[in-house]
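Secondary and tertiary structure notes
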Protein chains: 4
Amino acid sequence: MKALVYHGPQKISWEEKPKPTIQQTTDAIIRISKTTICGTDLHILKGDVPEVTDGRILGHEGVGIVEETGSSVTRFKKGDHVLISCITSCAKCDYCKRGMYSHCENGGWILGHLIDGTQAEYTRIPFADTSLYPIPEGSDEEALVMLSDILPTGFECGVLNGQVKPGDTVAIVGSGPIGLAALITAQLYTPSKIIMIDPDDNRLAVSMKLGATHTINNKKENAIEKVKEITWKKGVDTVIEAVGIPETFELCQSLVGPGGRIANIGVHGKTVDLHLETLWSQNITITTRLVDTVTTPMLMKTVLSKKLNSSQLITHHFELPDIIHAYDTFQHADREKALKVILTNPAA
Amino acid sequence: MKALVYHGPQKISWEEKPKPTIQQTTDAIIRISKTTICGTDLHILKGDVPEVTDGRILGHEGVGIVEETGSSVTRFKKGDHVLISCITSCAKCDYCKRGMYSHCENGGWILGHLIDGTQAEYTRIPFADTSLYPIPEGSDEEALVMLSDILPTGFECGVLNGQVKPGDTVAIVGSGPIGLAALITAQLYTPSKIIMIDPDDNRLAVSMKLGATHTINNKKENAIEKVKEITWKKGVDTVIEAVGIPETFELCQSLVGPGGRIANIGVHGKTVDLHLETLWSQNITITTRLVDTVTTPMLMKTVLSKKLNSSQLITHHFELPDIIHAYDTFQHADREKALKVILTNPAA
Amino acid sequence: MKALVYHGPQKISWEEKPKPTIQQTTDAIIRISKTTICGTDLHILKGDVPEVTDGRILGHEGVGIVEETGSSVTRFKKGDHVLISCITSCAKCDYCKRGMYSHCENGGWILGHLIDGTQAEYTRIPFADTSLYPIPEGSDEEALVMLSDILPTGFECGVLNGQVKPGDTVAIVGSGPIGLAALITAQLYTPSKIIMIDPDDNRLAVSMKLGATHTINNKKENAIEKVKEITWKKGVDTVIEAVGIPETFELCQSLVGPGGRIANIGVHGKTVDLHLETLWSQNITITTRLVDTVTTPMLMKTVLSKKLNSSQLITHHFELPDIIHAYDTFQHADREKALKVILTNPAA
Amino acid sequence: MKALVYHGPQKISWEEKPKPTIQQTTDAIIRISKTTICGTDLHILKGDVPEVTDGRILGHEGVGIVEETGSSVTRFKKGDHVLISCITSCAKCDYCKRGMYSHCENGGWILGHLIDGTQAEYTRIPFADTSLYPIPEGSDEEALVMLSDILPTGFECGVLNGQVKPGDTVAIVGSGPIGLAALITAQLYTPSKIIMIDPDDNRLAVSMKLGATHTINNKKENAIEKVKEITWKKGVDTVIEAVGIPETFELCQSLVGPGGRIANIGVHGKTVDLHLETLWSQNITITTRLVDTVTTPMLMKTVLSKKLNSSQLITHHFELPDIIHAYDTFQHADREKALKVILTNPAA
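A brief structural summary. Everything numeric here is computed off the predicted structure, so don't read it as measured data.

1. Some points on the relation of the copies chain A and chain D
- Note on the identical chains: chain A maps onto chain D by a rotation of 180° and an axial translation of 0.0 Å, with an RMSD of 0.0 Å. This pairing of chains is accounted for by a two-fold axis.
- Of all interface residues in chain A, 100% are interface residues in chain D too; the two copies therefore contact each other through one and the same surface.

So this is what it looks like as structure tokens:
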């Protein structure tokens, strides 16, 4: 089969690889129908994720059709259409039992990371019964690709951890795909105001279409002052950090009001300053989270019932064999006005 | 001043009464701008609420303008526009501190019940600082009248107690004003399906306009069978009882799925059967509640930010002196296709 | 091997049966070390549980040693000491993912019910990885037998559903083994008062030793009046129903205060009256639950760290082959002052 | 009357001051029976709290007897025994309605800070109805002094924010009075292990008497290694920071396990490092809080019912006029092995 293979920093190629086979009785082999590229894949490409080694097939998102199942798999059979979760869950370990699939002792984020991934014609999914989700006939499968990673990430790490409630004020720092995923899933709880903060005017314009009530270009405007004005000097109830650098985390601390929450989604590479000299008395909550995908069934219901329009995040389409081109587009997201790209397997 | 006065079962008149005066330092006198009629007022009219005695001015809903304040009132001053809560809260007793204003030892539901109410040109509001809410300039005050009682009732007793969550399935038994208030506030949490059940086709049609995904006329259709079909035999996550008779509570028990909730809003006059012989093992939760109006600030934010359109519940308008006519319309709600009526004080 | 076999109402015998064998790759065979008898076993014996058919080995509690495992079992191996949960969980179905193992589509309560159980020298446990719990070396295994069923039942259905909090007042109606399990696990949350209500003076005396602060013999005293007195007329925060008949559920409704909870544990055979004509406005919550055993890991930590003394529930010891005698003792619990009996396999 | 008056850094004296009088209708004048000294008073004495100006009477804790009440006070009358909360709550503002009395727009921490305090023969308490708590006749009033500040602080900021649950592992960094208050109130939720970490062997010995299961002297031992050992390398569920310096907050980040909580109590004067480069993916929660004293009624029930022994924190007793001596003892807590001191007004 063909797959997108990593060969060290900045080196990827679409090349021939052996088709995966069942290794454990709990495995399933999936023929990929559609996949996508994640910001994390770009981190890998830069060499920032050293666990990813030469020869690894990338990708941890996608939908497909069951090709073969191990002998213990009971919930899926050949021909079933399935959603692949970016997080593999054994469902047996203490973390899985607590709903923290991200820290599964036998899984977690392994696809396109510690084992071969989904940017390929076929992929092997361990613990298939608890890491795949059935797709009902007639569903918009492209919309569901957004449920592999980006929607649960924005929702669990940003919205749920940020405890967004009806009537609340929310600020989201960063309006890339993850920030926008937080924006559209925050609306499941009907906050009264959602303020998007980003230096890119195009993305802010997209934010308004996707339901933001206010935008701030923090390259041109003083975000702290403007948020104070919007919130009658109180600060926001929830700030969602969707960038992952010290400057944006710093900003979040200036925006949150007493009793508020800072929900971190960003993947940070550096220690940040925490201003406990002022925040110690402000009754705030700061959370971090690697997505657990424990809300995938809930989110799937909202997408299938058309209450959540996840297709809004998709800007570009490619055929799967054209994936090198898709990576180029996604890497130049600003220039291309790209959010999420969909790669379709012409053979599926 | 003029007021709507109760003189025993079936006897009300619009007549002259002394203008109310400050009795406690915590009182405020409010000039009524707009008020409405509640289903509870009809119960009173039937003689079902014996605590209401001859001479009582009815009404527990409305918006108005502060006319005078007692010496301890600090949050309001003459000329302020205010929303009147149907529940008076002293903010000092154990129940108020727990957020159970409905059981306030010094207040609770007293307006138009144990003391004179709001269907008048003026009304006295005890514990004004914690029983009135400021209305920002330029607000749609008519829409806010719905916040005195019906919206918090549908929301707190039905939606919050029913723990409605994104993606859930909800059934609401009864699509009168209270059922519809539950319907529109349930959508603050984005359930995937909301099934309205009622014998009146007009109200079911209104339900569809207000966001229901399914309707069942339970005079013509088998509600149990149809709900099973809609929920793939699982039953619903939340059933909201918005009628108040044994038959509807019985129906709720047949609709709820394992792990689900039955949230009672209806005012019941009779003991009902509880089928513990089957439900004991079904992991269900049944709740009752007299509205606390503890969510009024939250709901006001959703209305003022146009996330919740409470005006949809208003079907008829009258001048306040024409209130006897308004009662007649509201009493024949089916014939008149009436939901909530608005009474405007021409002198305010 | 030998086992306790059901042959229809009132007929059980300790007799030879084939040793169980692995049927699914997820099974384990356990050599029973210690088991016990449950009130539910007595219901079966009376013929009240028609799904239990002639030839069935009874019992759903116990600890033992792993004898053999199916090929997919990864968390246990021959020789491991394990606790058997009364609830079998597949960990894959929607109910298991929601933590409602009681309604597992592939398991639930099946041991000694729909498949052979634990009152035997050996037993087969389906979905072993997620239905057994490892016992650390050196543990008091007898104390852990209480974790198969009775402690999680009292805790989940009574204490957790009843939302017991520090400082609360709790009434427990029924001081049999289940009521006492609720009593000792309620103390994990340090309520200020726990009132035990039962017609048996011996059990009330036991309750005082196990931490009750007040007892009421409701055959001799007016429980409603006495609870009013103890709670300054407010009623209790939580009432736990641990009997399962209409009279006791009726009593619970008279004891609960505004804002309180009625947590039902009892297995009911009849419809009960629910007094919505008074309770509709009392902001109460009623819950039902078949134990999920989702808190078994938490409870095991409290028992192993000596914070919870589950041995207090054990009154009698027998050798496993003497089980008919043990049933007789347990059936005459009043006469024998019996709570839980421990049956030890001399061959283990 | 006599009072302890602040005259700038390091200068306090027990001197004559005018007896306070009613200024607002919501005030009460309290004759102090017993008061105590807080670590915060020592911060003031060092000049670290610039809002405290020359001439201020210090102290924000105590019990006393109502001497006089303003005309709007309805819950208390002359002669009533009352507990004074360190936090004054108006009960009307948005923060009070949300239970965040610490940020009350008209109160908060003002006693002995922005207005005269409780280390005096008499004190004026604003918003008396919602800032005082009635003491039942016959109570141990000395034990209740601990409820003015230290117990709710340890409980709300440490235990509640740290979400301590039965069976959990808890580490408390700092075993001064606040750390010990967290230690004794954590036991209301029955964690399986409580590890106290402090450089003072005497305080660690006290911790063991007060219910710690493990102690670590972090001057002599490697706390990180030892906690790993105690928790089988998992880290603890909850870490409570009860010191307030960068080093201890740093330590907390090394002790918390995936999914765990860091609950900050310490008053910090400096920015700290937050290791988001590792913690971003660890699903942790960090909280800060100025005590709200919203749990005072709950804690009072546990103390009055003898479920919580707050007297254990008291080591020294003085007469109120001997308060300068008491300050000296409390300032040399290590040398004196002092925790909380009780000052008794001989005239009360």
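2. Some details on the side chain of lysine 92 of chain B
- Within the secondary structure layout, lysine 92 of chain B lies in the loop between β5 (81–84) and α2 (94–97).
- Here serine 72 of chain D takes part through its backbone oxygen, which lies 3.3 Å from a polar atom of the side chain of lysine 92 of chain B.
- Aside from chain neighbours lying at most four places away, what touches lysine 92 of chain B is Lys97 of chain B together with Ser72, Thr74, Arg75, Asp129 and Thr130 of chain D.

3. Quick word on the relation of the copies chain A and chain C
- If you rotate chain A by 180° and push it 0.0 Å along the axis, it lands on chain C with an RMSD of 0.0 Å.
- Both copies contact each other with a shared surface, as 100% of the interface residues of chain A are interface residues in chain C too.

4. Quick look at the sheet that holds strand β10 (residues 214–216) of chain D
- Spatially, β10(A)-β9(A)-β8(A)-β11(A)-β12(A)-β14(A)-β14(D)-β12(D)-β11(D)-β8(D)-β9(D)-β10(D) is the arrangement adopted by the 12 strands of the open sheet, whose pairing is mixed. The sheet is open, and its two borders are formed by β10 (214–216) of chain A together with β10 of chain D, each paired with just one other strand. Across this sheet, the average inter-strand angle for adjacent strands is 15°, counted without regard to direction.
- Against the sheet, helix α7 (residues 201–209) of chain A engages β9 (193–197) and β10 of chain A, with an angle of about 170° to β10 of chain A.
- Relative to the sheet, helix α5 (residues 150–160) of chain D contacts β11 (236–241), β12 (256–264) and β14 (285–287) of chain D, its axis offset from that of β12 of chain D by approximately 155°.

5. Looking at the interface of chain A and chain D
- Facing 37 residues of chain A, the contacting portion of chain D comprises 37 residues.
- For the pair chain A and chain D, the interface holds two salt bridges.
- Across the pair lysine 234 of chain D and aspartate 94 of chain A runs a salt bridge, and its minimum N-O distance is 3.1 Å.
- Counting across the chain A and chain D interface gives 25 residue pairs in polar contact (both at pLDDT 80 or more).
- Counting residues per element, the ones that place at least two in the side of chain A that touches chain D are α2 (94–97), β12 (256–264), β13 (272–274), α10 (276–279) and β14 (285–287) of chain A.
- Among the residues forming the side of chain A that touches chain D, the class breakdown is 13 nonpolar, 15 polar and nine charged.

6. Concerning the interface of chain A and chain C
- Every contact between the two is made by 13 residues of chain A and, on the other side, 13 residues of chain C.
- Buried surface at the junction of chain A and chain C, summed over both partners, amounts to about 1,100 Å²; 41% is from carbon and sulfur atoms.
- Between chain A and chain C we count four salt bridges in total.
- Of the charged contacts in the structure, one is a salt bridge between arginine 75 of chain A and aspartate 94 of chain C, with a shortest N-O distance of 3.9 Å.
- Linking chain A with chain C are nine residue pairs in polar contact (both at pLDDT 80 or more), by the criterion used here.
- At the level of secondary structure, the elements contributing two or more residues to the side of chain A that touches chain C comprise α2 and α3 (128–131) of chain A.
- Its residues assigned to classes, the side of chain A that touches chain C comprises four nonpolar, four polar and five charged.

Thresholds, definitions, all that
Residues numbered from 1 in each chain as written. Chains lettered and ligands numbered in written order. Predicted model: local features only at pLDDT ≥ 70, side-chain atom pairs only at ≥ 80, totals over all residues. Heavy atoms only, no water. Least-squares fit on C-alpha atoms with pLDDT ≥ 70 in both. Contact = heavy atoms within 4.5 Å. Helix = DSSP H or I, 4+ residues; strand = E, 2+ residues; numbered from the N terminus. Polar contact = N/O pair within 3.5 Å; in protein donor to acceptor, adjacent residues only side chain to side chain. Pairing = 2+ DSSP bridges. Axes fitted to C-alpha atoms, helices over the stretch in contact; angles between N-to-C directions. Salt bridge = Lys/Arg side-chain N within 4 Å of Asp/Glu carboxyl O. Nonpolar A, V, L, I, M, F, W, Y, C, P; charged D, E, K, R; others polar. Buried area = accessible area lost by both parts, 1.4 Å probe.

Everything listed is a geometric property; what it means functionally is a separate question.
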